Amino acid sequence: MFKKREQPEAETKQAEKVPGKDQPPIYDNKPTEKDLIVPSVVKETGPGESIAGTYHVEIGATNEPVRYYRSFFAQLTGASTYAGMLNQMYLGDFGDGDNDTVIHVWPSDSTRVMFELSRKISGLESDLLREENNNKRAALVQAIHDLREQQNRLRKRFEQLFFVTIQVTASALSEKSLYQYCNALVKRFAGQQIHLRAADTRQLDALISITPLGKTGDFRGFARAMETSCVADLFPFGQGSISHTSGIVIGQDPYGRPVFFDGFHPDPKVLANYNMVVFGEAGHGKSFTVKKLALRSAVVGIRTAINDPGLEYKAVMKQMGCPYIELSPRSEDRINIFDVDEQEDSDGKVTLDLESSIKAAQAVVFKMIRSIDPNPEVLNGTVKIAIQEQIARLYEERGITRDPSSLYESSRTLGEGRYSMQRIKKKMPVLSDLYELMAKDPRTERVAEFIKAFTQYGSSPSQAIFDNETNVDIRNAPMFAFSLNDLDPDIMKPLGSFIVTKWLWERFAKKNPRQRKRIIIDEAQLLMQDEETASWMENAWRQARKFNTSMCAVTQGFEVMARVPQGAGILKNSPTKLLLRQHSRDIEIAKKEFDLSDGEAQFLLMTEPGHGIFKVDQESTQIYIDYFPEEYVLFNTNPNDPILNQTNRQISWAS
């Protein structure tokens with residue numbers, strides 16, 4: 001017989017101090033009935049009891065509102081997967097409700113899998129022998145090829161096979177909200193070959209299966225066999241991804257998968273606009289990437305114009321048979337700041353924006369004056385108005401109005417009473433014509449001497465290269481570039497870069513809004529050093545989308561771009577950003593501007609050429625700008641590159 005021991009008083013006092021002494025034993029796996037806390041209502045409802053006429057589960061509590069749940073299982077009907085394919089499902093942005101996504105994964109029996117693959121291949125080969133229809137035979141041949149490739153991957157253990165069930169459970173605070181939420185959810189993914197099948201008649205079992213109380217095998221009938229890399233595509237983990245499935249292949253992600261980039265994606269939810277920026281230290285792949293972007297974009301119908309301060313793009317343009325326009329005293333290539341051309345709006349109506357052309361020419365003239373004398377009193381309001389009137393007068397003297405037909409002569413005399421009805425474009429004014437008007441007007445007589453320096457009347461032919469009619473032809477060229485390499489770096493190169501960019505905007509970007517176009521400005525920091533030029537650049541970035549144009553700034557001077565308000569505006573209006581290796585002085589600014597993690601910032605300080613971080617709107621991934629061997633030879637301008645030298649030596653010997 002056992003007797004209960006009396007507890008000493010000291011022990012009693014000590015026991016009373018123990019926290020939770022009188023709490024129920026909830027952790028000993030033996031809860032009593034009064035310890036269990038359960039909802040007041042757990043009810044599975046069928047179509048006859050539901051307002052929406054659907055199966056769902058209703059769960060209510062004593063002091064909480066009732067919530068309604070409806071579960072689906074995803075049936076993937078596509079032949080392949082891609083990274084981030086379920087990202088929208090995880091975000092749950094389908095209306096007034098919420099959803100939880102559960103992925104059940106369990107390994108397969110490898111022996112059984114190989115046996116089943118062999119059996120399928122044998123069956124298809126048997127069908128192929130009997131099939132006479134050529135189209136069906138081609139489909140069978142492809143299916144056999146795919147199965148043999150999968151069999152090979154599994155045999156060599158490049159991949160493993162798993163069974164996967166994807167379940168999504170939607171919930172809302174009312175039956176109506178649940179019905180609307182589920183409709184939006186199902187419709188959104190149906191277009192992506194992901195069909196959501198409701199677990200009707202088993203909604204409560206499905207809801208339990210997403211909790212620890214459920215069993216993985218309860219809904220194996222919805223499972224699909226998937227390889228390891230395909231399973232990885234379902235999860236939002238790892239190095240991030242770009243969900244574009246069209247466009248061009250711009251590089252590889254850390255897993256060696258191709259990164260697609262559609263710079264003109266039609267959905268504004270995927271891509272806010274078409275603009276982009278490329279930042280990185282010299283020698284780490286900026287120009288290489290831009291050349292790849294231009295060349296591969298041309299294949300899919302995107303025309304590209306490049307403002308090249310040096311000779312970086314000469315070889316690739318010449319090799320591809322595209323115009324490379326060298327604005328130099330030693331070259332015959334010329335463009336005219338007074339050029340006017342028709343424009344076509346989205347409805348196909350041809351117009352002539354003469355006022356915009358006047359303002360464009362006026363901006364160039366003002367910049368010329370400021371490059372000689374930056375004193376704001378020199379270019380006062382009276383002078384500005386006078387110059388605007390004089391430019392308008394030059395067009396008026398040639399009969400050029402807002403009517404597109406006024407750009408052309410009505411007929412052309414061929415001699416001996418013969419005429420041609422072919423439309424011949426009128427000659428445009430040139431800078432010398434404006435200088436002559438300014439010299440005769442007391443209001444502009446003083447600043448006319450500044451303009452004279454940039455005309456044929458000046459003493460420096462190298463500064464008069466913009467005092468000519470345009471003689472370059474860019475029509476129908478898939479890509480082309482302007483070189484400013486031979487221009488004076490102090491005055492003419494910044495001025496020439498501004499003129500070229502303005503000319504491209506008027507003559508290229510604003511023409512034919514149905515044509516996808518991209519303007520690439522290399523060494524863009526040169527245009528950010530002048531406030532007027534920087535303001536024009538920011539405005540172009542804001543307007544480019546309505547002309548179906550992508551503006552792309554390429555620079556190693558990120559700090560220059562970020563420190564001025566206009567540069568910040570350009571960054572804000574560029575949803576696509578490629579960050580290659582950064583200088584230590586820029587990394588803190590880049591980290592703040594692009595919301596980089598400490599790991600990403602460290603990666604950009606130490607990464608190798610061609611490696612970087614690619615951001616497209618809200619998506620991001622590490623990227624390697626890969627290439628074909630022919631592209632490497634064509635794009636690389638490093639004279640000390642051993643691979644390039646070896647290739648060139650082989651080409652030289654072969655010739």
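Cut-offs used in this document
Residues numbered from 1 in each chain as written. Predicted model: local features only at pLDDT ≥ 70, side-chain atom pairs only at ≥ 80, totals over all residues. Heavy atoms only, no water. Helix = DSSP H or I, 4+ residues; strand = E, 2+ residues; numbered from the N terminus. Buried < 20%, exposed > 50% of the residue type's maximum accessible area, 1.4 Å probe, protein only. Contact = heavy atoms within 4.5 Å. Areas by Shrake-Rupley, 256 points an atom, 1.4 Å probe, with all protein chains shown as cover. Axes fitted to C-alpha atoms, helices over the stretch in contact; angles between N-to-C directions. Parallel < 35°, antiparallel > 145°, perpendicular 65-115°, else oblique. Nonpolar A, V, L, I, M, F, W, Y, C, P; charged D, E, K, R; others polar. Phe/Tyr/Trp six-rings, centres within 6.5 Å; stacked < 30°, edge-to-face > 60°. pLDDT = per-residue confidence, 0-100. Salt bridge = Lys/Arg side-chain N within 4 Å of Asp/Glu carboxyl O. Pairing = 2+ DSSP bridges. Arc of directions from axis to C-beta. Polar contact = N/O pair within 3.5 Å; in protein donor to acceptor, adjacent residues only side chain to side chain.

A few points about the overall build of the protein chain
1) Next: Secondary structure assignment for the protein chain yields 21 helices and 25 strands.
2) Next: Taking all 655 residues of the protein chain together, 45% fall into the buried category.
3) Next: If you take every contact in the protein chain between residues at least 6 apart in sequence, the share linking residues at least 24 apart comes to 71%.
4) Next: Looking at the protein chain as shown, the accessible area adds up to about 35,300 Å², and 50% of this sits on carbon and sulfur atoms.

Looking at the packing of helix α10 (residues 354–372) against helix α13 (residues 445–452)
1) Next: Interaxial distance between α10 and α13 falls to 9 Å at its minimum, and their mutual angle equals 90°. Relative to α13, the element α10 lies roughly perpendicular. Two secondary-structure elements touch here, α10 through Val365, Met368, Ile369 and Ile372 and α13 through Val447, Phe450 and Ile451.
2) Next: Partitioning the contact of α10 with α13 into residue classes produces seven nonpolar, no polar and no charged.

Structural notes on the packing of aromatic side chains
1) Next: Tallying each qualifying case throughout the model produces 20 aromatic pairs.
2) Next: Residues phenylalanine 94 and tyrosine 181 carry aromatic rings whose centres are separated by 5.8 Å and whose planes lie at 85° to one another, so their mutual orientation is edge-to-face. One end of the pair, phenylalanine 94, is in the loop between α2 (87–91) and β4 (98–107); the other, tyrosine 181, is in helix α5 (residues 175–190), and 87 residues separate them in sequence. Neither residue differs from the other here; phenylalanine 94 and tyrosine 181 are each classed as buried.

Concerning unusual backbone geometry
1) Next: Despite not being glycine, asparagine 476 shows a phi value in the positive range, around 65°.
2) Next: Note that asparagine 476 resides in the loop between α13 and β20 (479–483).
3) Next: Owing to a relative accessible area of 73%, asparagine 476 belongs among the exposed residues under this scheme.

Details of the confidence of the model for the protein chain
1) Next: The pLDDT averaged across the protein chain works out to 84; a share of 88% of its residues lies at or above 70.
2) Next: The low-confidence segment residues 1–8 (pLDDT under 50) makes three contacts with residues lying over four places distant or belonging to another chain.
3) Next: Counting contacts from residues 649–655, a segment whose pLDDT is below 50, to residues more than four positions away or on other chains yields zero contacts.

Structural notes on the pattern of salt bridges
1) Next: Throughout the structure, instances matching the rule amount to 30 salt bridges.
2) Next: Between aspartate 200 and arginine 70 there is a salt bridge, with its nearest N and O atoms 2.9 Å apart. Here the residue aspartate 200 occupies a position in the loop between β6 (194–198) and α6 (203–209), and arginine 70 occupies one in strand β3 (residues 67–76), the gap between them amounting to 130 residues.
3) Next: On the basis of relative accessible area, aspartate 200 is assigned to the partly exposed category, the value being 31%.
4) Next: With a closest N to O distance of 2.8 Å, glutamate 631 and arginine 296 form a salt bridge.

Quick look at the pairing of strand β12 (residues 303–308)
1) Next: Most of β12 sits inside the fold, with six of its six residues counted as buried.
2) Next: What you see with β12 is no split at all: Arg303, Ala305 and Asn307 on one side and Thr304, Ile306 and Asp308 on the other are buried throughout.
3) Next: Here β12 pairs with strand β21 (residues 517–522) via five bridges, running parallel. Paired with alanine 305 across the strands is isoleucine 519, a residue of β21.
4) Next: Bridge count for β12 against β20 is five bridges, and the pairing is parallel. Across the sheet, alanine 305 pairs through a bridge with phenylalanine 480, a residue of β20.

Topic: the environment of asparagine 183
1) Next: Secondary-structure assignment places asparagine 183 in helix α5.
2) Next: Overall, asparagine 183 belongs to the partly exposed group, its relative accessible area being 31%.
3) Next: Considered as a pair, asparagine 183 and glycine 95 are 88 residues apart in the sequence and their alpha carbons are 9.7 Å apart.

Regarding the side chain of glutamine 151
1) Next: Among the structural elements, glutamine 151 can be located in helix α4 (residues 134–155).
2) Next: The class for glutamine 151 is buried, based on a relative accessible area of 8%.
3) Next: Once residues within four sequence positions are removed from consideration, glutamine 151 is found in contact with Met114, Leu117, Ser118 and Ile121.

A look at the pairing of strand β2 (residues 56–60)
1) Next: Of all five residues making up β2, four are buried, and the element is well covered by its neighbours.
2) Next: Here strand β1 (residues 41–45) pairs with β2 via five bridges, running antiparallel. Residue pairing in the sheet places lysine 43 in a bridge with glutamate 58 of β2.
3) Next: With three bridges joining them, β2 and β3 adopt antiparallel strand pairing. In the sheet register, isoleucine 59 faces β3, and the bridge partner there is arginine 67.

Topic: α13
1) Next: The complete set of buried residues in α13 reads Val447, Ala448, Phe450 and Ile451. An end-on view of α13 places all buried positions within 155° of arc, on one side of the element.
2) Next: Contact partners of the buried residues in α13: α10, α11 (381–397) and α12 (431–440).

Comments concerning the side chain of glutamine 150
1) Next: Along the polypeptide, glutamine 150 turns up in helix α4.
2) Next: Only 3.2 Å separates the side chain of glutamine 150 from the side chain of glutamate 227, close enough to count as a polar contact.
3) Next: What glutamine 150 contacts, discounting residues up to four positions off in sequence, is Leu117, Leu161 and Glu227.

A few points about the environment of glutamine 463
1) Next: The topology assignment puts glutamine 463 in the loop between α13 and β20.
2) Next: In sequence terms glutamine 463 and proline 329 are 134 residues apart; their C-alpha atoms lie 8.3 Å from each other.
3) Next: Setting aside residues no more than four positions away along its own chain, glutamine 463 makes contact with Ala453, Phe454 and Met492.
4) Next: Of the polar contacts made by the side chain of glutamine 463, one reaches the backbone oxygen of alanine 453; its length is 3.2 Å.

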